[in-house]
Amino acid sequence: MISSRLSALGVRALLLGLLAAAGDASAQTRLIIVSGLGGAPKYTKEFSDLANTMANAARERAGLPDSSIAWYGDPAAAKSTWYRGPSLKDTLEGVFLRQASRPASEQLVLVLIGHGSGEGEETRISMPGPDLSAKDFRRILAGFGSRRVAFVNLTSASGDMMDLLAAPGRVVITATKSAFERNETKFGEFFITAFARDGADTDKDNRVSLLEAFAFAEIETKRLYENDSRMLTEHAQMADASGVARQFFLTPGAMRSTAGSRLTALYSDRFALDSQIQVLRKKKATMSDDAYLAELERLLVPLAQKAREIRQLETGK
């Protein structure tokens, strides 16, 4: 049994290596950050700071190249390496159209930062000139087909976008549960902090998933309100119909949309095994070391086989 050959530390190192190997050949992440109109110097700076923190975390901690990161913001904001132009509706329409034509294996992460308003399909992010609404984003995202997309709306009053934009294979996150939560939100700050600092990587695999970032931000937001003895006025929500948020990373190669039934099945099997490992880890405290390591071995062996076959199919090696 594995308990006689490997220590718990050795098993953990093997697990991390197997998970990394399964993703080595996967495709690139594209990160687009849109920060809206500040309306006042305080908010202009705040929104640009959050945008730059997100971009910097994607580069420094997740390894995305600058060419895969684009920030469109308030023309009054201080510019940076990632600034690609003002967050104008016409400009962004063109950006999304070009992104939709890129290889289907790429995944897109779209982050909105700013003031929100409106209700239903008219829920919108405030931008210089005409705003982009939920109705606009529904049309835009439809152009990405089955591409893996994360739509993260960190604005106030963002909640009504959830039901309009949720779709299979797509992760939708909003900072509020409805359009009536219109106060300035803190969830977005903590969500971005999850990628920029330590603390959100709960499974200790050196990557932060969308699910981990969401959970971290939700907890920290509640803690902030409790510490200030204030009633919670924002309730973040997430739609993840296909259950991919836990395996959706900024890290290049961490997730891809796979073509071909065999690859699709292999990835599905791999994620199912990974889910069983996560459940097992939660039970570790109630199990003997031998029982835990034996069960872990039972899952690691097929996981290694799936990882190897995925790598062979994707690289021919």
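Residue numbers run consecutively from 1 along every chain, following the written order of its sequence. Local features in this predicted model are restricted to residues of pLDDT 70 or higher, and side-chain atom pairs are both shown and tallied only at a pLDDT of 80 or more, whereas totals for entire chains, interfaces and linings draw on every residue. Derived side-chain values reflect all non-hydrogen atoms in the structure, with water molecules and hydrogen atoms excluded from consideration.

### A short note on the overall build of the protein
Filter applied, for reference: Where helices and strands are cited, they refer to DSSP runs of H or I of at least four residues and of E of at least two residues respectively, numbered from the N terminus. Throughout, a contact is declared for two residues whenever any of their heavy atoms are within 4.5 Å. Areas reported here follow the Shrake-Rupley algorithm with a probe of radius 1.4 Å; residue values treat only the protein chains shown as occluding.
Scanning the protein for helices and strands turns up nine helices and 10 strands. Summarising the internal contacts of the protein: among those between residues at least 6 apart in sequence, 68% fall at separations of at least 24. About 14100 Å² of surface is accessible on the protein, with carbon and sulfur atoms providing 53% of the total.

### With respect to helix 3 (residues 89–100)
This is how the line gets drawn: By this rule the span expected of a helix is its residue count minus one, scaled by 1.5 Å. Type-normalised accessible area, obtained with a 1.4 Å probe on protein chains alone, sets the label of each residue: buried when under 20%, exposed when over 50%, and partly exposed for intermediate values. The directions from the helix axis to the C-beta atoms form the arc being described.
For helix 3, with 12 residues, the first-to-last C-alpha span of 16 Å sits near the 16 Å given by 1.5 Å per residue. Taken together, the buried positions of helix 3 are occupied by L92, V95, F96 and Q99. The buried residues of helix 3 occupy one face: seen down the axis, they fall within an arc of 95°. Those residues of helix 3 that are exposed and aimed more than 90 degrees away from the buried face are D90, L97 and R98. Where helix 3 is buried, its residues meet strand 1 (29–35), strand 2 (69–73), strand 4 (107–113), strand 7 (132–133) and helix 4 (134–142).

### Focus: unusual backbone geometry
Of note, the phi angle at A157 is positive, near 55°, even though the residue is not glycine. For A157, a relative accessible area of 0% corresponds to the buried category. Its identity as a non-glycine residue notwithstanding, S229 has a phi of 55°, on the positive side. Since its relative accessible area comes to 70%, S229 is described here as exposed.

### Examining the sheet that holds strand 10 (residues 237–240)
Cut-off, in case you're wondering: We treat two strands as partners when DSSP finds at least two bridges between them. Every angle, taken between N-to-C directions, lies between 0 and 180 degrees, and every axis is a line fitted to C-alpha atoms, over only the stretch in contact when it is a helix.
Pairing within the open sheet is mixed, and its seven strands lie in the order 3-2-1-4-8-9-10. Of all strands in the sheet, those bounded by a partner on one side alone are strand 3 (83–86) and strand 10. Between one strand axis and the next, the sheet turns through 10° on average, direction left out of account. Taken together, the four bridges between strand 9 (residues 170–174) and strand 10 define a ladder with antiparallel strand orientation. Along strand 10, the bridge assignment pairs T174 with Q237.

### Some thoughts on helix 4
Every buried residue belonging to helix 4 is among A134, D136, F137, I140 and L141, and all of these are buried. End-on view of helix 4: buried residues confined to an arc of 150°, all on one side of the axis.

### Remarks on the confidence of the model for the protein
Spelled out, the test is: Note on scores: pLDDT gives the predictor's confidence for each residue, bounded by 0 and 100.
Considering every residue of the protein, the mean pLDDT works out to 86; 84% of them sit at 70 or more. Scored below 50 in pLDDT, residues 1–6 makes 12 contacts in the model with residues more than four places away or belonging to other chains. This stretch, residues 18–27, has a pLDDT under 50; its non-local contacts, to residues over four places away or in other chains, come to 29 contacts.

### Section: the nonpolar core
Rules: Only buried residues count toward a nonpolar core. Its members are Ala, Val, Leu, Ile, Met, Phe, Trp, Tyr and Cys residues joined through side-chain atoms within 4.5 Å.
Membership of the largest hydrophobic core comes to 43 residues, with the highest contact counts inside it found for L31, I113, F187, F191 and F195. Breaking this core down by element, the ones donating at least two residues are strand 1, helix 2 (41–60), strand 2, strand 4, strand 8 (149–153), strand 9, helix 6 (187–196) and helix 7 (210–227). The element best represented in this core is helix 2, accounting for seven residues. The next biggest cluster of nonpolar side chains, apart from the first, holds 25 residues, and it includes A70, F96, A134 and F137.

### Some remarks on the environment of S68
Test applied: Under this definition, polar contacts are N or O atom pairs within 3.5 Å; protein pairs additionally need one hydrogen-donor-capable and one acceptor-capable atom, and for neighbouring residues in sequence, both atoms have to be side-chain atoms.
Counting through the fold element by element, S68 comes out in the loop between helix 2 and strand 2. Residue class for S68 comes out buried when judged on its relative accessible area of 4%. It is 9.8 Å that separates the C-alpha atoms of S68 and A55, two residues lying 13 residues apart in sequence. Excluding residues that lie within four positions of it along the chain, S68 makes contacts with Q28, T29, R30 and L31. Polar contacts involving the side chain of S68 include one to the side chain of Q28, which spans 2.8 Å.

### Observations concerning the environment of A167
Among the secondary structure elements, A167 is positioned in the loop between helix 5 (161–165) and strand 9. By relative accessible area, A167 is classed as buried at 19%. Considered as a pair, A167 and S146 are 21 residues apart in the sequence and their alpha carbons are 9.2 Å apart.

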